[in-house]
Structure formats: C-alpha cells, structure tokens
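The lines below spell out each chain.
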There are 2 protein chains.
Amino acid sequence: MTRLVAPRGQHADRGAVMPLAEFHDWWEERARVGRFAVERIPFSALHSWHFDTITGNLAHTSGRFFTVEGLQVRDGGIDTWSQPIINQPEIGILGIVVKEFGGVLHCLMQAKMEPGNANTLQLSPTVQATRSNYTQVHRGNRTRYLEHFVGAGRGQVVVDVLQSEQGAWFWHKRNRNIVVQVTGDVEPHEDYCWLTLAQIRELMRIDNLVNMDARTVLSCMPFDLPGSTDAEAGTGAGDEFRDALVRSHQVRSGGVSSAGAILSWFTEAKTRCDWTARLIPLGDVADWKRTDEQIADREDRHFRIIAVSVQAATREVPGWNQPLLHPRGEGHAVFAVRPIDGVLHVLVQARAEFGNMDLVEMAPTVHLLPGAAAAGDVEPFGSAVLASAGARSRFDTLLSEEGGRFYHALTRYQIVEVGADVPTEVPPNYCWMTVRQIMDLMRHGHYLNIEARSLLACLHSLC
Amino acid sequence: MTRLVAPRGQHADRGAVMPLAEFHDWWEERARVGRFAVERIPFSALHSWHFDTITGNLAHTSGRFFTVEGLQVRDGGIDTWSQPIINQPEIGILGIVVKEFGGVLHCLMQAKMEPGNANTLQLSPTVQATRSNYTQVHRGNRTRYLEHFVGAGRGQVVVDVLQSEQGAWFWHKRNRNIVVQVTGDVEPHEDYCWLTLAQIRELMRIDNLVNMDARTVLSCMPFDLPGSTDAEAGTGAGDEFRDALVRSHQVRSGGVSSAGAILSWFTEAKTRCDWTARLIPLGDVADWKRTDEQIADREDRHFRIIAVSVQAATREVPGWNQPLLHPRGEGHAVFAVRPIDGVLHVLVQARAEFGNMDLVEMAPTVHLLPGAAAAGDVEPFGSAVLASAGARSRFDTLLSEEGGRFYHALTRYQIVEVGADVPTEVPPNYCWMTVRQIMDLMRHGHYLNIEARSLLACLHSLC
C-alpha cells in the first residue's frame, strides 16, 4: 500500500551481486517474455478433472494433485458450518538455496508465474513444487534445482520444517519449508537471480511482488545465520523502534511471558476449543450451490470455486486447466507490536480455523478473511489496534496468497506499533511474545499459521 | 516380567513421606475395599449407547465421550486398509500435582480402577479425566483435585503439553499432560498417596502397576526439576550404564545427530509417507463383521470392539456401561540403547500409524502390536536388537495400556542395551538420539508416540 515502486537506495545493495536497479530491469524482462494466459472456463470444459458421481468431489483423474471436498464443523458435537475445502494431502517442497558471495548470504529466487496471481509473475523460492510436480505425475520437465534439497547431493540444511497453510481454505495442508546452504557453483537459469536478504526485505514492501511461498520460507530462516543480519549496516542512532526490534530478535530470556508460559497458554487455548471438523462429500455441503461456472454459498458472502485454463511457456508443462479458489475482496492481517522494557513484543492470537490439522494455531493480532465484517465488529483487538490513539503503521503492503490454488487472493499485511492503551494484560486468546520466542517455536510446525508467518517475514524486513 | 513383588530397599525411600512397605499395605487395602465389577454384555444391552442407523457408528446418546467409527487408509490415493477406530476429539487432562516435602519432590498418585484393567486397580495420575468427565456430562461427582490444574487457583505449571495416544486404535487422540507444583496444604483422600519419583521408578518395574496415563505424564516431566534427581543418592562407582544414562540426560550438545539434523530427519520421514487416512462410517468398513457380541475382522487377527457393564464404588458415578477395544494377545515395545562415546543413545524409529494426527511420530525401535508376527519378520531391527550377540536386557516389564478404552491391553516394555553390531549408521527411518534431545522434543506434542513415551518413563527409572 505504501510504495508501488521499490526504493533503489544503496543500503540494501551492500555486498549484493546484483543491485536492485538491475533486478528491476531483469524483472521487467521476465514479465515481458513470459507468455502466460489464464482464462476462466466452465467446469464442463475441464479435462482430466471431474465431479465424482457419488460424493460430488472435484478430483483429478490421476488421483493426485488435490481435490475439492466438503468440510463439516461441529461445535460440542452438533453440526454447524459446512463449506467446500481443498484437500491436498501430499507434502510439497518450498525451498530456497542460499550461498555466500563475498561473505554476504544470497538467496536464489525465481520469477515464477502462477495462474491465480493478480499480476501473473511473483518472486518465489528456488523450488516450489508439489510432490506430484516433482515426481512428474504430469510428465513435464523435471523441477529445476531439486537436487539441492533431496537425495545424497543435497546442500547443508539450515532449516527443514513442515508448516501449515490457509486453515480457512485448505484441509490439513502443510508444506516442507526448507533452506539449504551450498558452496559449489550454482548457475542461475534465466528465470532465477541471487538476492541478499536485505534486498528481499526491501522488495517485500512492493505490492504483490514477494509471493506467499517465499514469505513463509523466509520467515523460518534463523536470524543469526552467518551473513544474514544487517547489524553492521546500521541505521543511524536514535531509531528506538528498530533497536527494540533487533533486541527482540536477540534476547534469550525475559519478555512478558516465559517460554514455558507460552507453551502452556497455547495448550490451554487448544483445550478450550470445542470445535471439531471432518471431511464430508462435497455434495453434502449445505447452503452452497454448484453451477457450471462456480460453486458458491447462497448468500455470495464467502469464496467461490472456479475453473481456469492456463497457457504457459515457462512451466513444467505448456498448458493445463485446474480449479481455483476465488475469494471475494481483500483480507487484512495485522500484527500489533509494542516495545516493552526496550524489547519489541508481538501480540499473537490463538485462533481456530476449521482446516488446520489441530484447529488452533498462532495467528495475527487481527485477521479478517476476505468478505469478513469490519475489524471492530468481529475481532477483540480490531478497534483497539487499528484505532489506537498512539498507533503508528510500520508496514502496510498488499501481498498475494498462493497463486497455484487461489485466484486473486490478496491480503493487506500491516504491522502497527501500539502504545500502552493496548495493555500487557490481554484476554485469554492473546499473548505478547518476543521475536526470539516466536523464532524458537518456528523450528517446529503448526505453531504460527501462514498469515502470522507472512507478517513475521514483513517484521524481519523492518530490521 | 522381572519381579512380581516390589523391591522394598531403603534406597528408593530416601526422604519419602511413606516408605514403599507402607505403600504396599495401603495398596492392598485399596484393592480390598474397592468394589468394582466388570461384565461383558451384548451391544443390545448397552443403554445410552447406540449404533447410528445411517452410518453404523457406535455413539453415546449425549453426543459426548467417544464414538466408534471407521477409518479408511489410502496409499498414493488408492483405498487399502480399513478398520474400526475410536474417535474422541475432546481433550482430557492427565495431571500430576507435585509438592516438596523436606526438599524432596513428591507426586500425588491415585489408586484408580478402570474397567479394562486386567487387575482392576492401577497407580494413576492425580487427575485423569476426559472433558466430559470433569464438565460432569454424566452428572456424577466432581473431579477431585481438578482445581490445581484449571482456573485462577491453579499451581505453578511445570509442564503442559498435548500428547498423542495409540495411533493404531485412536483417531487423532490427544490429552493434556500437565504437572503443577503446589506449596499449600493438599490433603490426600484415601485413594491417593504421596510418592517420590524414586519410589515411582521402583514401582515401574512391577507388572501392571503404574498405568499408561501416569507413565506419559512422568515421561514429560523435566529431569532437572529441583528435588527430582537422584544424583545425590549415587549407585556406587563403576556402573557404566547408569553413568552413560545420566550423561545422556545432561549433555546439551553433541550426540550422534545435532538437534537440527533430528528435526530434518523427522520432516524427511513425514514427507516420505504416502499414506493418507480419513474417517468413514463404521458401516462402510470392509472385512469387519458386527454381531451382537463384538465387531471383529473376519480373520480374527486384530482387535475386537466389545461392550461391558461396570459397577463401581469409587468412581464419579456408581455404574455405567460402555464399549471397549479388546486386543488379541500382548504387544511388545523395545528401545534399543547403546552408549556411544560414554553417552547413552536411544534408537528411535519414525513410524506411521493410521490414527495419528500427522501419521508419522517417533516410536520405539521395535513395536509389535498385539497379534502381529514375530519381530524378526516385520521390523527392520527386530532380529538385530532382540537377538544381538551382546544384547543385555535392562528393563523388561508387562504394563497396561489405558483401561478406560482398552480391555486387557498389555504390552511388554523392554529396554535392551546393544553393542556395536547395531551400528551408528542406520536406515532412513531410524535415528540415534540422546535422552536430552528427546526431552527437548517432549516440550512439544506429536513427536514421541505413546509407546515411546512409556519406554522413556521406563528409561528414567534406570537412573
């Protein structure tokens, strides 16, 4: 929301093999040469996809990729909400290859097209592939750079963790977030380039550029990786916010809550949740209606399932068609942050979403799904955070959710610094944490949800 | 298997408020006065439980407690195995109150009767209650000592983590394993007594005494809790095994694998698993047959679902009836351990079980379910561990699985010290870990499965 053009300052280019000015030229070239056409089609025009005659589920004829099924929610044993949901049980790889050039860590990033991207091309991890992709169920080209992540010749593993994806739209989805460090030569193919973390953090402030898959992998990357911090770069004295943020990455103990108290708080939140959810046949979902154009709820309030046909020059196969989930309007995800005793704290919410494997994960302070009511009405901290007297927006950018499954799914990601009018004592579903405490949890899956991890990557960019 | 009568040595009684000799007298008295009768009944004699006319699921009329449903497994998208499974989505509490007496930590343990226990009475946590129990769905007595675990007046939380239960028999089951330390007066009711950890560890070697719920909570208890170690007690010089075990609890770094390598190994094992599992109606389970007496597989190889009627004097309600899962024969779970560079290492298996929330958890080196073939035939390390030339059995006791859901479910838990013929290089599904590394993972749920946690509690008892 802030800047539509990247700052081309010297700062972020320090030690980089490619200055940002050059990156932008390369990016424009990639967008120009990429031939990629996405067209909405009726379900009846889908080939290799069909609605099962008994269940009504929408599935690929190979039995692979994903299915659109139904989700039934129960509250205390009583059926309540039902909806369509994407079921993709196989675990894909979201991987970034990193390498030091002149003592500065660089990430091998990809200019990748996805059918659901509002702007077609976004900055993506080195590898972003479902298992069906990289085991070549579609009989296309092999996945480039995969050999650095799997098998005997893989690089030194920096982080390797299964993390969840959108609990509102996916059933139990998780992907392998993996970073490997290499020392040998890696030649960037024309769709790839080496960028420093500082450069990627600058690019994070551009609307719809750094994609969701890149953000989640970046959020998992340990901050104390050699060559990854900008501590030596400095920002000049007197930036209290940044100093509090750097301290929040570094402090090993202290903070408003202890590590044990945070784990107990999370256990308590899960125990309190009385919902259960299960898969049901798509045909049994109540109050949603299927036409040949879309599957939508009768009130047109939530998302739609649609179908598209794709023509591509730069993907594993030249063309395909597939279903996509199309949200209505934009989402809004906010982390409220506050320096407490000189250490920046993040206000994290324990939030149940029906498609999460264990329902409750740690979420943004405020999270409004596309089509939801205004924040003040539905979220305990909506008004407090967004209309706080001393609130100061530190990050505010429109970023995309995964373009391989979602069509034009945009979320406004915002980091808001609040004052003492958002107190340290918070309701049971909330907890103040340091960035260090969050990073310790990020070594394990199913703590921070995908929107919170996106915000964490945004927060890193403020260092 | 080793000793049917507890050793009544002085050692374990050090600092204890009740010597073990006195414990055994108290235990015999509890067994004598407890009036508890369990009788098998046909399904048609169950009241408050019924088979749903559409799904065939067996459920309580309140919609609470648990249901017996069907499980369908797919391998690479193709339907394979199906079976009945217990679905109990609500999270119960398994809690132990601890308190220091004369500088020595004591646990408030309960003599508790469960209908499925082979010997009726077993040593249980302070609180062992499903949410339906403690929210009094059955309109019985309130759960004793619950106030120390929930609400404003609860004790100091030592550990508080959701842990899984039997993945072969439960669908996504987890319970809250919680230990709270109190300082105020806690009067033991006649069914409760204070025991030191050293005493409980002695009692662990008696067949079918310390129940599964106690074992899992004890396995989660951090070893460095003040007053919890026996370091000062000593065992005399020259016990190399015990020294290697104590070192394995203490070492913060080193070991055959780093902490990061263990996490990556586990992520890799989950990624490799191509199974998926989902609930289906019990009536749709193939190759299992329901009579009025039982639900069993046609070949009588696996477990049965049966029904029992219970009369009790010491439970929340005086009588009830319920379904139980009745395995055939005994299970066998083994941890292979080996001192490597003077530090005891445990050989952990990444093992998929259909009912686990994310399928793969860390399991014993060898685990044979009741009714399974001999170890050498089905488990990669079966023969190597159990028939290793230098193998030495360090622990070997028959212990019960949860008597509230399982009928006479006995597992032989064994810790076997192996030599260099079980190498440090192991197949991809195995990993050598120190006890400290395992304990660091135990702060989080869904790493160690229930059988591995039982073995961990057994391993603690060898300190």
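These lines cover the structure that appears in this document, whether it is placed above or below. As a convention, each chain's residues are numbered from 1 in the sequence order in which they are written. All chains are assigned letters beginning at A, and all ligands numbers beginning at 1, according to the order in which they are written. Per-residue local features of the predicted model are confined to residues with pLDDT of at least 70, and side-chain atom pairs are confined, for both listing and counting, to 80 or more; whole-chain, interface and lining totals are unaffected and use all residues. As a convention, hydrogens and water are excluded, and side-chain values are obtained from all of the structure's heavy atoms.

## Section: the interface of chain A and chain B
We count it as follows: Note on definitions: a residue-residue contact is assigned when non-hydrogen atoms from the two residues lie within 4.5 Å. Simply put, the buried area is the total loss of 1.4 Å probe accessible area from both parts when two parts are fitted together. Salt bridges are identified by distance alone: a Lys or Arg side-chain nitrogen within 4 Å of an Asp or Glu carboxyl oxygen. Secondary structure elements follow DSSP: runs of H or I no shorter than four residues count as helices, runs of E no shorter than two count as strands, and numbering proceeds from the N terminus. The residue classification treats Ala, Val, Leu, Ile, Met, Phe, Trp, Tyr, Cys and Pro as nonpolar and Asp, Glu, Lys and Arg as charged. All others, Gly included, are polar.
Contacts between chain A and chain B engage 35 residues on the former and 35 residues on the latter. Between chain A and chain B the total buried area reaches about 3,000 Å² when both faces are included, carbon and sulfur atoms providing 44% of it. For the pair chain A and chain B, the interface holds 10 salt bridges. The salt bridge involving glutamate 69 of chain B is made with arginine 278 of chain A; its shortest N-O contact spans 2.8 Å. For the side of chain A that touches chain B, the elements supplying multiple residues, two or more each, are helix H2 (131–134), strand S10 (156–164), strand S12 (174–181), helix H6 (259–272) and strand S14 (275–280) of chain A. If you tally residues by element for the side of chain A that touches chain B, the top one is H6 of chain A, at nine residues. Residues that form the side of chain A that touches chain B fall into these classes: 12 nonpolar, nine polar and 14 charged.

## Considering the pattern of salt bridges
Inspection of the entire model under this criterion finds 42 salt bridges over all chains. A salt bridge links arginine 64 of chain B to glutamate 90 of chain B; the shortest N-O distance between them is 3.2 Å. Residue arginine 64 of chain B is found in the loop between strand S3 (58–60) and strand S4 (67–75), and its partner glutamate 90 of chain B is found in the loop between strand S5 (78–87) and strand S6 (92–101); the two are separated by 26 residues along the sequence. Sharing partners across several salt bridges, the network here consists of Arg154, Asp160 and Arg176 of chain A together with Glu268 and Arg272 of chain B.

## Observations concerning H6 of chain A
In plain terms, the rule: Multiplying 1.5 Å by the helix residue count minus one yields the expected span of that helix. A simple rule labels every residue: compare its accessible area, found with a 1.4 Å probe on the protein chains alone, to the largest value its type can have, and call it buried under 20%, exposed over 50%, or partly exposed in between.
An ideal rise of 1.5 Å per residue puts 20 Å on 14 residues; H6 of chain A measures up with 20 Å between its terminal C-alpha atoms. For H6 of chain A, the set of buried residues is Ile262, Leu263, Ser264, Trp265, Phe266, Thr267, Ala269, Lys270 and Thr271 of chain A.

## Considerations on the side chain of arginine 304 of chain B
All names here are of chain B. In plain terms, the rule: Neither His nor the chain ends contribute to the count of charged residues, in which Lys and Arg are positive and Asp and Glu negative.
With respect to the helices and strands, the residue arginine 304 is situated in strand S17 (residues 304–312). It is aspartate 300 that comes nearest to the buried, bridge-free arginine 304 among opposite-charge side chains, at 6.7 Å. Leaving out residues up to four positions away in the same chain, arginine 304 has contacts with Gln294, Ile295, Ala296, Leu324, Leu325, His326, Pro327 and Arg328.

Shape is all these values report; function is a separate question.
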